[in-house]
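# Survey of secondary and tertiary structure
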Amino acid sequence: MRDFDFVVLGGGSGGLAAAQRAAAHGARVALLEPGALGGTCVHAGCVPKKAMWLAAQLASRGRAAQAIGFAHGVGALDWPTFVAHRQRYIDAIERGYGDKLASAGITVIPQRGRFVEVSASGASTVEAGDGVRLQAPHVLVATGAQAQRPAVTGAELGAVSDDVFGWNALPERLAIVGGGYIAVEFAGLLRALGAEVTMLVRGARLLDGFDAELADALTAQYRASGIEVCFGTTVDGLASDRGRLRVGDGSFDTLLWATGRAPNAGDLGLDDMNLGRDARGRIIVDSRQNTKIPGIYAVGDVTTQPALTPVAVAAGRCLADRLFGARADAALDLPLVPTVVFAQPPLASIGLSEAQARAEHGEAVSVRRSRFRPMLTALGGGESRSLFKIVCAGPEQRVVGLHLFGEGVDEILQGFALAIARGVSVDDLEQAIAIHPTSAEEVLFAR
């Protein structure tokens, strides 16, 4: 038995953030991770996805360059070369995490951990894969989630998001099942790189939960770019047909399931514990990351909180500050979480959609919009359009939601998100001095 102050199960974004912050406060920390440090975000999520998105952006920029007078575009992507550059970047990130953990004095155990005992005193015992046991008064579950296939015939014939990062060539004709973050992002970037893409969406629109007006604008843009978007479509099965995949009447080289993720909680020894999990198996936590069992906490995709890397990082740091940094009030404030969907072009959002604001504030809601063509698009004669939308409420017309669709919005949102969190009003925006000519100034000019 080895004693620690804090044991962390999982070396993804949330677990790493919590472990490092706890160690900085002087805690004795052990981190168990059987796979590569960095978790989904670094190895099969945010980072490799953003690298592909950047490649797609370069392809689009190449076409725009020709439209405004350059002799040549960027040509086709050499996938093996690109994959090598992407992997070099990822490997550097992982090495950096290892160095930071070592310098912080954190004990890293490259094995899966599971609970074997929770004592009446609140100290929990965790067992590593080799039988070594660790005991600590505070244990954090940060084991993330994994892509899942639906329970339909032939589901194994289709790929999931993790598989995309193993591709060494672009599929010529691709079907994507789903209409959320992952489906939208891969549809846009793979189309920009040259694939023929069909989206098979069970619901009535893309990005359910985002502002409907921007989701509609994204759909129109995707269709204009050549993506076939099919709503109200249920995929009941998948079959192989002479080297191709058949879905209903369609035939594709590859099919990508983007139908959700399942929490990695099945082998943690939680089944006999009254920890509190929802119907999808996710661990239920409060704003301080507490579970129903004192001394056991959870952060990240394994929980019911938003499955976003910055949320996991913030949650892990808040937890460590509360447990070891004398900040008894440290808690995660979730209502205003900025997020970006790396579509083509991206969609950025914070706060309430128009529908949510009207349900909450009634007649005290007003909406401002700006529709425009980004300057590069206008120069090259392209068809891309941007839509910026501000949702305001109350007598002071405080900004309660900001929704941006168009080039550059992934970088624009951060500063405005901070202002919105501090209670900025429409009058404040009108008094601000714009930076011209930029797309960002349209937030100030929306009417």
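Now for a description of the structure that goes with this document. The structure displayed is predicted, hence computed values, not measured ones.

## Re the pattern of salt bridges
- Within the structure shown, the criterion is met by 23 salt bridges.
- Of the charged contacts, one joins R112 and D267 as a salt bridge, the two residues approaching to 2.8 Å between their closest N and O atoms. You can see R112 sitting in the loop between β4 (107-109) and β5 (113-118) and its partner D267 sitting in the loop between β17 (261-263) and β18 (296-298), a full 155 residues away along the chain.
- Among the salt bridges present, the one from D278 reaches R282, with a minimum N-O distance of 2.8 Å.
- What makes D278 partly exposed here is its relative accessible area of 21%.
- Each of D211, E213, E354, R358, R369, R371 and K389 takes part in salt bridges that share partners, so that together they form one network.

## So, the packing of aromatic side chains
- As enumerated under the stated definition, the model contains six aromatic pairs in all.
- With a centroid separation of 5.0 Å and 70° between ring planes, the pair formed by W53 and F342 is classed as edge-to-face. Linking W53 in helix α3 (residues 46-67) with F342 in the loop between β19 (339-341) and β20 (347-351), this pair joins segments that are 289 residues apart in sequence. Take W53 and F342: they sit in the same class, and that class is buried.
- Between Y181 and F210, the aromatic rings sit 5.6 Å apart at their centres with planes inclined by 70°, giving edge-to-face as the arrangement. Linking Y181 in helix α6 (residues 181-192) with F210 in the loop between β11 (196-200) and α7 (212-224), this pair joins segments that are 29 residues apart in sequence.
- Taking the relative accessible area as the measure of exposure, Y181 reaches 28% and is therefore partly exposed.
- With a relative accessible area of 13%, F210 lands in the buried category.

## A word on the side chain of K389
- With respect to the helices, strands and loops of the structure, K389 is situated in strand β22 (residues 386-393).
- At 2.7 Å, the side chain of K389 forms a polar contact with the side chain of E354.
- Apart from the residues lying within four places of it in its own chain, the contact partners of K389 are D211, E213, L214, E354, V367, R368, R369, G401, L402 and H403.

## Some details on the nonpolar core
- Judged by nonpolar contacts, the single largest core of 66 residues is most densely connected at L190 and M199.
- For this core, the leading source of residues is α6, giving seven residues.
- In this structure, L190 is in contact with M52, W79, W167, L170, L174, A195 and V197, ignoring residues within four places of it in sequence.
- In this structure, F6, A22, A320 and L332 belong to the second largest nonpolar core, which totals 25 residues.

## Considering empty space enclosed by the protein
- Scanning the entire structure with this criterion turns up one cavity of 30 Å³ or more.
- Lining the largest cavity, in full, are I390, V399, L402, F416, I420, V424, L429 and V443.
- Mapped by element, the contributors of at least two residues to the lining of the largest cavity are β23 (398-405) and α11 (409-421).
- Across the lining of the largest cavity, the residue classes break down as eight nonpolar, no polar and no charged.

## Here's the deal with the sheet that holds β11
- Pairing within the open sheet is parallel, and its four strands lie in the order β12-β11-β10-β16. One side of each edge strand has no neighbouring strand; the edge strands of this open sheet are β12 (228-230) and β16 (254-257). Sheet twist, expressed as the average angle between the axes of neighbouring strands with direction ignored, equals 15°.
- Alignment of strand β10 (residues 173-177) against β11, held across five bridges, turns out to be parallel. Looking at β11, one finds that I176 is bridged to M199.

## Remarks on the environment of L207
- Looking at the element boundaries, L207 is found in the loop between β11 and α7.
- The buried category is assigned to L207, whose relative accessible area is 2%.
- What L207 contacts, discounting residues up to four positions off in sequence, is G179, G180, Y181, V184, L218, V341 and L347.

## Details of the sheet that holds strand β13 (residues 239-241)
- The strand order across the open sheet formed by three strands is β13-β14-β15, and the pairing between neighbours is antiparallel. In this open sheet, the two edge strands, each paired with only one partner strand, are β13 and β15 (250-252). Each neighbouring strand pair of the sheet contributes to a mean axis angle of 40°, computed without reference to strand direction.
- Examined bridge by bridge, strand β14 (residues 244-247) and β15 share three bridges and lie antiparallel to one another. Bridged to R246 within β15 is S251.

## Structural notes on the layout of surface pockets
- When its volume is computed, the second largest pocket comes out at roughly 940 Å³.
- As for the second largest pocket, its lining consists of 35 residues, and the residues nearest its centre are S60, Q221, T377, S384 and E407.
- Elements with a contribution of two residues or more to the lining of the second largest pocket: α3, α6, α7, α10 (375-380) and α13 (441-445).
- Residues that form the lining of the second largest pocket fall into these classes: 14 nonpolar, 13 polar and eight charged.

## Observations concerning a nonpolar patch on the surface
- Together, I68, F70, M375, L376 and L379 make up an exposed nonpolar region whose accessible area comes to about 510 Å².
- Summarising the element assignment, F70 is placed in the loop between α3 and α4 (79-103).

## Describing α6
- Taking 1.5 Å of rise per residue, 12 residues should cover 16 Å, and α6 covers 17 Å from first to last C-alpha, within 8% of that figure.
- Summarising burial for α6: nine of the 12 residues are buried, a large majority.
- Those residues of α6 that sit buried are A183, V184, E185, F186, A187, G188, L189, L190 and A192.
- One or two residues past the end of α6 sits G194, with phi positive at roughly 120°.

Criteria and cut-off values
- Here the residue index of a chain counts from 1 through its sequence in written order.
- Predicted model: local features are reported for residues with pLDDT of at least 70 only, side-chain atom pairs are reported and counted for 80 or more only, and whole-chain, interface and lining totals are derived from all residues.
- Note that the side-chain values use all heavy atoms of the structure and ignore hydrogens as well as water.
- Salt bridge criterion: a side-chain nitrogen from Lys or Arg within 4 Å of a carboxyl oxygen from Asp or Glu.
- Strands here mean DSSP runs of E at least two residues long; helices mean DSSP runs of H or I at least four residues long; both are numbered from the N terminus.
- Relative accessibility thresholds used throughout: buried, under 20% of the residue-type maximum; exposed, over 50%; partly exposed, between the two (1.4 Å probe, protein chains only).
- The aromatic pairing rule takes the rings of Phe, Tyr and Trp, using the six-membered ring of Trp, and pairs them if the centres are within 6.5 Å, calling planes under 30 degrees apart stacked, those over 60 edge-to-face and the rest tilted.
- N or O atoms within 3.5 Å of each other form a polar contact, as long as, within protein, one can give a hydrogen and the other can take it, and as long as residues adjacent in sequence are counted only when both atoms are side-chain atoms.
- Contact between two residues is taken to exist if any of their heavy atoms lie within 4.5 Å; hydrogens are not considered.
- We call a set of buried Ala, Val, Leu, Ile, Met, Phe, Trp, Tyr and Cys residues a nonpolar core when their side-chain atoms join them within 4.5 Å.
- Only protein atoms enter the 1 Å grid, on which a cavity is a set of points fitting a 1.4 Å probe that cannot get out and a pocket is an open set with protein on both sides within 12 Å along at least 5 of 7 lines, lining residues being those with an atom within 4 Å of a point.
- Grid points are joined across faces, edges and corners, and a volume is the space filled by probe spheres set on the points.
- Only Asp, Glu, Lys and Arg are considered charged in this grouping, and only Ala, Val, Leu, Ile, Met, Phe, Trp, Tyr, Cys and Pro are considered nonpolar; every other residue, Gly among them, is considered polar.
- Between any two strands, pairing holds if DSSP finds at least two bridges.
- For every element, the axis is a line fit to its C-alpha atoms; helices are fit only across the contacting stretch, and the angle between N-to-C directions ranges from 0 to 180 degrees.
- Grouping into patches uses exposed residues only, defined as over 30% relative accessible area, and leaves out salt-bridged ones; the cut-off is 9 Å for like charges and 5 Å for nonpolar side chains (Val, Leu, Ile, Met, Phe, Trp, Tyr).
- A 1.4 Å probe and the Shrake-Rupley method give the accessible areas. Residues count as covered only by the protein chains that appear here.
- Here the expected length of a helix is defined as 1.5 Å per residue gap, with one fewer gap than residues.

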